[in-house]
There are 2 protein chains.
Amino acid sequence: MDDEVVSSKHHNLEDIARLSGVSRSTVSRVINQHPNVSEKTRQRVLQVIDQVDFHPNLAARALVTQKLNVIGILIPHIVSKVFSDPFFPLLLQSITNTANQMGYSVTLWLTSTEGDSDDILGQVVNHRLMDGLIVASTVVDESFIQKLDERGKPFVIIGSPNRLDPHVNYVDVENEIGGYLLTQHMIKQQRQRIAHIPGLEKLRSSRDRQAGYLRAIHEAGMDAIIAPPGNFSEEGGYRSMQVLLDQQVDAVFCASDIMAIGAMQAIRAAGLCMPNDIAIGGFDDIHQAALTNPPLTTVHQPILRLGEVATEGIISILDGRVETSFHQILPVELIIRQSA
Amino acid sequence: MDDEVVSSKHHNLEDIARLSGVSRSTVSRVINQHPNVSEKTRQRVLQVIDQVDFHPNLAARALVTQKLNVIGILIPHIVSKVFSDPFFPLLLQSITNTANQMGYSVTLWLTSTEGDSDDILGQVVNHRLMDGLIVASTVVDESFIQKLDERGKPFVIIGSPNRLDPHVNYVDVENEIGGYLLTQHMIKQQRQRIAHIPGLEKLRSSRDRQAGYLRAIHEAGMDAIIAPPGNFSEEGGYRSMQVLLDQQVDAVFCASDIMAIGAMQAIRAAGLCMPNDIAIGGFDDIHQAALTNPPLTTVHQPILRLGEVATEGIISILDGRVETSFHQILPVELIIRQSA
DNA sequence: GTGAAAGCGCTAACAC
DNA sequence: GTGTTAGCGCTTTCAC
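My aim in this report is to walk through the structure given alongside it, one point at a time. What you are looking at is a predicted structure, and each value in this text was computed from that prediction instead of being measured.

1. Quick word on a nonpolar patch on the surface
Okay, so step 1: Residues Leu63 and Val64 of chain A together with Leu63 and Val64 of chain B make up a contiguous nonpolar surface patch of about 350 Å² in total accessible area.
Okay, so step 2: Within the residue set of the nonpolar patch, elements represented by two or more residues are helix H4 (58-65) of chain A together with helix H4 (58-65) of chain B.
Okay, so step 3: If you trace the backbone, Val64 of chain A turns up in helix H4.

Spelled out as structure tokens, the structure:
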């Protein structure tokens with residue numbers, strides 16, 4: 001009857017308790033590192049746990065603690081398109097790594113912003129298998145943010161929300177300053193007609209970069225030249241640049257490196273030379289930016305750090321280590337290479 | 001005492017039962033669509049559920065059913081590097097979309113294959129908040145597969161495992177055939193010195209594509225010319241191509257489109273013309289392949305379908321609708337454009 | 001420092 | 001067709 005049956009089923013606290021000659025509660029205390037356990041019993045229990053390779057049932061724990069140690073990442077985008085930009089992959093990587101290191105696992109939600117999105121957003125908001133949420137990029141409409149709020153599910157936004165609600169948590173980079181710095185750099189280089197290729201009208205990050213461009217242009221008393229948005233894609237950058245080629249520009253600030261790469265192709269296709277005929281600048285400082293010909297002058301944004309800060313932020317909130325809302329704006333840096 | 005208290009806490013089955021004047025079990029039956037409920041009570045209960053916006057606690061359900069409706073995706077890579085290729089983003093998208101549609105959510109694990117990987121792999125294997133796992137790409141060593149097996153956690157591999165175990169589930173594409181078709185196409189075009197740029201030695205998909213290349217070359221009685229592996233990166237393709245430029249090749253089959261794009265840059269930088277001087281072919285048929293100059297001849301692989309099949313596969317297993325192991329090899333297609 | 005017992009919210013076997 | 005009841009595996013008072 002006291003067989004040492006090695007069943008294929010998972011062990012539970014009761015098993016460990018029996019095998020180490022203590023009660024369930026004591027085993028629980030050991031696992032949760034409660035102080036009130038004698039060193040001797042702790043060792044004995046730990047040894048049994050190790051021996052049978054026991055891992056507690058997290059669903060059962062969640063049922064009583066009301067906490068799963070799971071965060072969600074929501075990317076509300078037609079991702080196949082956006083993923084041609086390394087921004088999201090890098091973000092995913094830093095979020096999952098940071099979360100895993102802090103003992104959290106990560107649930108991924110990729111939704112398009114159109115069509116059946118309501119269903120999926122509802123699915124996300126009401127999903128009971130997450131403690132909190134990181135929302136990456138803010139094409140999300142206000143109603144979604146409000147739904148999250150009503151559900152009482154903590155969340156942090158990467159990128160600033162369109163309407164700045166003081167109690168909404170977010171992490172962002174200095175988009176406006178980045179646009180300003182790069183444009184200013186072009187002005188200092190005596191460029192006469194400096195154009196801008198925006199990303200996506202409805203994205204705040206895109207609008208902020210454009211605002212920085214405009215500030216520098218106006219400070220210098222120059223005329224703004226704004227191309228059609230390039231949708232943050234290589235082809236988009238190519239097409240927007242084609243439009244600009246008719247307008248005798250001698251410098252272009254693109255709202256992303258990927259668009260800058262597209263624009264460079266258009267410039268080369270037109271038989272023009274960089275940076276002599278046209279200077280070009282990007283934003284992001286993705287890996288490829290250093291490998292273009294000529295190497296791309298751009299604004300570095302700390303993508304990995306963005307994910308880290310967002311993750312640490314949401315986890316602080318979930319662990320109750322932070323009560324106020326937090327807004328963090330990470331610094332950018334002008335990287336001067338040869339394209340401008 | 002019978003206050004209609006609208007508390008901010010979550011409702012539970014008991015609440016719904018009370019509000020609709022039935023027992024917990026009946027509510028449970030309604031939610032789980034059991035047949036034995038009268039239409040009248042069903043409607044009443046559904047109305048209450050809708051009214052208070054009730055969503056069952058999945059952790060509690062999991063505790064009794066032993067099933068969470070969660071699958072994990074494991075990508076065992078230094079992802080920042082691999083993600084420059086749109087393969088994984090597309091895969092992620094199709095897996096999450098398919099899973100969500102089937103009522104599953106998806107947990108993401110990105111691990112590097114080096115350093116602390118043991119810890120994370122252990123974390124993944126022992127994580128109790130997943131029913132099954134999709135392992136994307138097989139740099140995973142045998143010991144990991146064995147661990148999964150021991151844990152009894154069902155899994156399916158995308159890409160063939162290095163050692164073909166008949167009871168291991170996997171989904172793959174016709175890598176060998178793709179390599180064969182493209183090489184054969186170059187042979188038909190009278191190319192004399194056809195080289196190959198492999199991806200990553202330890203990846204089976206890479207080796208299979210190379211095997212297809214070799215089969216076609218040998219059938220034609222030609223000499224094989226194998227460049228150093230390009231690591232599936234654009235720079236890698238560039239560098240491998242530089243090596244080939246010294247060897248008077250007139251055609252190159254690259255194991256991925258991204259490497260082909262890098263190779264094209266090297267060819268252009270050498271002042272050579274495509275396809276006249278050198279024909280070039282890729283593998284994947286990523287979006288950018290149609291936009292290169294000249295447009296890239298390549299082998300189309302159904303990436304989205306790969307994710308769908310893998311997801312449907314693991315879910316069939318989890319839902320007990322399939323008892324035998326399954327191996328599916330999806331067809332590829334030669335896409336002839338202008339580069340070869 | 002340790003154990004007994006209650007209960008988290010749900011499902012399912014069993015009674016009626 | 002519906003209600004009662006016994007757990008699923010864990011944490012957490014409360015005794016001792």
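2. Quick look at the protein's contact with DNA strand D
Okay, so step 1: Lining the immediate environment of DNA strand D, one finds 28 residues, of which Leu13 and Arg61 of chain A together with Ser25, Thr26 and Arg29 of chain B sit closest.
Okay, so step 2: Protein-adjacent atoms of DNA strand D, using a 4 Å cutoff, are sugar or phosphate at a proportion of 55%.
Okay, so step 3: Between DNA strand D and Thr41 of chain B, the relevant distance is 2.9 Å, taken from a phosphate oxygen to a side-chain nitrogen or oxygen of the residue.
Okay, so step 4: For the surface near DNA strand D, the secondary-structure elements that each account for two or more residues are helix H2 (24-31) and H4 of chain A together with helix H2 (24-31) and H4 of chain B.
Okay, so step 5: Its residues placed into classes, the surface near DNA strand D shows ten nonpolar, 13 polar and five charged.

3. Quick look at the state of the cysteines
Okay, so step 1: Enumeration over the complete set of coordinates arrives at zero disulfides over all chains.
Okay, so step 2: For the unlinked cysteine Cys273 of chain B, the closest cysteine sulfur is that of Cys254 of chain B, found at 17 Å.

4. A closer look at the packing of aromatic side chains
Okay, so step 1: Counted by the stated rule, this structure contains two aromatic pairs over all chains.
Okay, so step 2: Here the aromatic rings of Phe87 of chain A and Phe88 of chain A are separated by 5.3 Å at their centres, their planes lie at 90°, and the arrangement is edge-to-face. Judged on exposure class, the residue Phe87 of chain A and its partner Phe88 of chain A are both buried.
Okay, so step 3: Lying across the ring of Tyr180 of chain A, Arg215 of chain A places its NZ or CZ 3.8 Å from the centre.
Okay, so step 4: Lying over the aromatic face of Phe283 of chain B, Arg209 of chain B brings its terminal NZ or CZ to 3.8 Å of the ring centre.

5. Digging into the protein's contact with DNA strand C
Okay, so step 1: The immediate surroundings of DNA strand C are formed by 28 residues, with Thr26, Arg29 and Ser38 of chain A together with Leu13 and Arg61 of chain B found nearest.
Okay, so step 2: Sugar plus phosphate: this is where 60% of the atoms of DNA strand C within 4 Å of the protein reside.
Okay, so step 3: Here a base nitrogen of DNA strand C and a side-chain polar atom of Ser25 of chain A are 2.9 Å apart.
Okay, so step 4: Separating a phosphate oxygen of DNA strand C from a side-chain N or O atom of Asn32 of chain B is a distance of 3.2 Å.

How each quantity is defined
For every chain, the first residue of the written sequence is number 1, and numbering continues from 1 along that sequence. Whichever chain is written first becomes A and whichever ligand is written first becomes 1, with later ones labelled in order. Only residues with pLDDT of at least 70 get local features here, since the model is predicted, and only at 80 or more are side-chain atom pairs given and counted; chain-wide, interface and lining totals rely on the full set of residues. Excluding hydrogens and water, the side-chain figures rest on all heavy atoms present in the structure. Patch membership requires over 30% relative accessible area and the absence of a salt bridge. Like charges are linked within 9 Å, and nonpolar side chains (Val, Leu, Ile, Met, Phe, Trp, Tyr) within 5 Å. Reported accessibility uses the Shrake-Rupley method at a 1.4 Å probe radius. Residues are deemed covered only where the shown protein chains occlude them. Within this document, salt bridges are pairs made up of a side-chain nitrogen of Lys or Arg and a carboxyl oxygen of Asp or Glu, the two lying within 4 Å of each other. Secondary structure follows DSSP: runs of H or I at least 4 residues long count as helices, runs of E at least 2 residues long count as strands, and numbering of each begins at the N terminus. Whether a residue is near a molecule or strand is decided by its heavy atoms; if any one of them lies within 4 Å of it, the residue is near. The term polar contact refers here to a pair of N or O atoms within 3.5 Å; inside protein, the definition further demands a hydrogen-donor-capable atom paired with an acceptor-capable atom, and it admits residues adjacent in sequence only when both atoms are side-chain atoms. For this classification, the nonpolar set comprises Ala, Val, Leu, Ile, Met, Phe, Trp, Tyr, Cys and Pro, the charged set comprises Asp, Glu, Lys and Arg, and every other residue, Gly included, is treated as polar. Note on disulfides: each one is a pair of cysteine sulfur atoms within 2.5 Å. Pairing of aromatic rings covers Phe, Tyr and the six-membered ring of Trp, with a centre-to-centre limit of 6.5 Å; geometry is then stacked below 30 degrees between planes, edge-to-face above 60, and tilted otherwise. Partly exposed describes any residue whose relative accessible area lies between the buried limit of under 20% and the exposed limit of over 50%, with all areas from a 1.4 Å probe on protein chains only and scaled to the type maximum. Placement of a positive charge over a ring is assigned whenever Lys NZ or Arg CZ falls within 6 Å of the ring centre and within 35 degrees of the normal to the ring plane.

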